[in-house]
Amino acid sequence: MSYTGPDFDPPPRRRSRRGPLTVALAALVCGGLLGWGVYAAAGGTDDDAAGAGAEGSPSAAPRTPSPTASSPAASPSAGDEGSPASRAPSASAPAAAGPLKGKVVVIDPGHNPANFEHTAEINRQVDVGTHRKECDTTGTSTDDGYAEAEFTLDVAHRMRTVLEKQGATVKLTQDGDRPFGPCVDERARIGNAAKADAVVSIHADGSGAGNRGFHVILPGEVNAGEADTRAIVEPSRELGERIAGAFVRVTGTAPSNYIGGGTGLVTRKDLGGLNLSTVPKVFVECGNMRDSKDAALLSSGAWRQKAARGISEGIVSFLRG
Ligand code: ZN
């Protein structure tokens, strides 16, 4: 429990720190959003994607990308890591008068730290409406061995703290309390059963070195088997746009330079976690663990706090209208 430090309550100077670059990035995102159409991304950058090695090339050698000055966010530093919040369910006693009182947010921390020990179980095929695919995947990691599944849980805990302070009822699809998974179909059904007002699945990508930045994955329109996203495509896009904008603003990091055409937004129809959702839902790929500069950010507790706050502020914006 160490979110009470300066990282938790950002200094008020944050707004004044927005340099021309950040503003330009925000403008880029907004402009991109305006002209953004359905973008059928090539698969292969997400964990939930079909096929082995979907998290990118594990053989990619680390390299040093050219400086982009795209990260005014704090660089990693000792002492800001903060141990992840307790995994025990938080006392779900949201602030009585918070603006999100009555709202339900489900956070889906991608993968599971123990998936590595249950490959047979997570390789089981499940029906996601449009096709069958693996129950779950192990996720990626940084070259230093920081696992995506640890990252997603940490960000989820930080988000839970932020959102509960706003009065929301927050549920996690897993809290390191399962031997593996849950499977992607169950992850979707947890959000549906909770009648969530918003669901966000947290991930970090496993793309090639030099590929940097975050992107938000939106559900495409599918109607097959149990999958029917027609009612959630538009609200999910709204949710995703709010999150992308807040993520740029709060973290100061740029949208992906390798997917989404600079908008930070990508639409996919192959993800069971989205296809089976009946409530507004997006995935957030917070950065690329296989790039050394992104990995440095993802490994920083101070940066993760910003990421959690950026995503949460997007959710709050979406829910408040
Ligand atoms: Zn993932």
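Residues numbered from 1 in each chain as written. Predicted model: local features only at pLDDT ≥ 70, side-chain atom pairs only at ≥ 80, totals over all residues. Heavy atoms only, no water.

## Some details on the packing of helix H3 (residues 148–165) against helix H8 (residues 301–320)
Close contact between H3 and H8 brings their axes to 8 Å; oriented N to C, the two are set at 55°. Relative to H8, the element H3 is oriented oblique. Taken as a pair, H3 and H8 cross one another with a handedness that is right-handed. Across from Phe151, Asp154, Val155, Arg158, Met159, Val162 and Leu163 in H3, the residues of H8 making contact are Gly301, Trp303, Arg304, Gln305, Ala308, Ile311, Ser312, Ile315 and Val316. Along the lines of polarity and charge, the residues of the contact of H3 with H8 split into ten nonpolar, three polar and three charged. (Axes fitted to C-alpha atoms, helices over the stretch in contact; angles between N-to-C directions. Helix = DSSP H or I, 4+ residues; strand = E, 2+ residues; numbered from the N terminus. Parallel < 35°, antiparallel > 145°, perpendicular 65-115°, else oblique. Left-handed = near helix turned anticlockwise from the far one by under 90°. Contact = heavy atoms within 4.5 Å. Nonpolar A, V, L, I, M, F, W, Y, C, P; charged D, E, K, R; others polar.)

## Notes on helix H5 (residues 233–251)
Taking 1.5 Å of rise per residue, 19 residues should cover 27 Å, and H5 covers 26 Å from first to last C-alpha, within 8% of that figure. Once H5 ends, the next one or two residues include Gly252, with phi positive near 75°. (Expected span 1.5 Å × (residues − 1).)

## Description of the sheet that holds strand E4 (residues 169–172)
Spatial strand order, E4-E1-E5-E10-E6-E9: six strands in an open sheet with mixed pairing. Either end of the sheet is taken by a strand with one partner, and the two such strands are E4 and strand E9 (265–268). Across the sheet, the mean angle separating the axes of adjacent strands is 25° when strand polarity is ignored. Note: strand E1 (residues 104–109) against strand E5 (residues 198–205), five bridges, orientation parallel. If you follow Ile107 over to E5, its bridge partner there is Val200. Sheet contacts for H8: E1, E5 and strand E10 (281–288); angle to E5, the most-contacted strand, approximately 150°. (Pairing = 2+ DSSP bridges.)

## Let's talk about unusual backbone geometry
In the segment running from Gly181 into Pro182, the intervening peptide bond is cis, with an omega of 10°. At His111, a position not held by glycine, the phi torsion is positive, near 70°. Phi at Lys195 takes a positive value of approximately 50°, unusual for a residue other than glycine. Within the secondary structure, Lys195 is located in the loop between helix H4 (184–193) and E5.

## Focus on the confidence of the model for the protein
For residues with low pLDDT, the predicted coordinates do not support detailed interpretation. Confidence in the prediction for the protein averages 80 pLDDT; 70% of positions are at 70 or higher. Below pLDDT 50 for its whole length, residues 1–89 participates in 180 contacts with residues either more than four positions away or in separate chains. (pLDDT = per-residue confidence, 0-100.)

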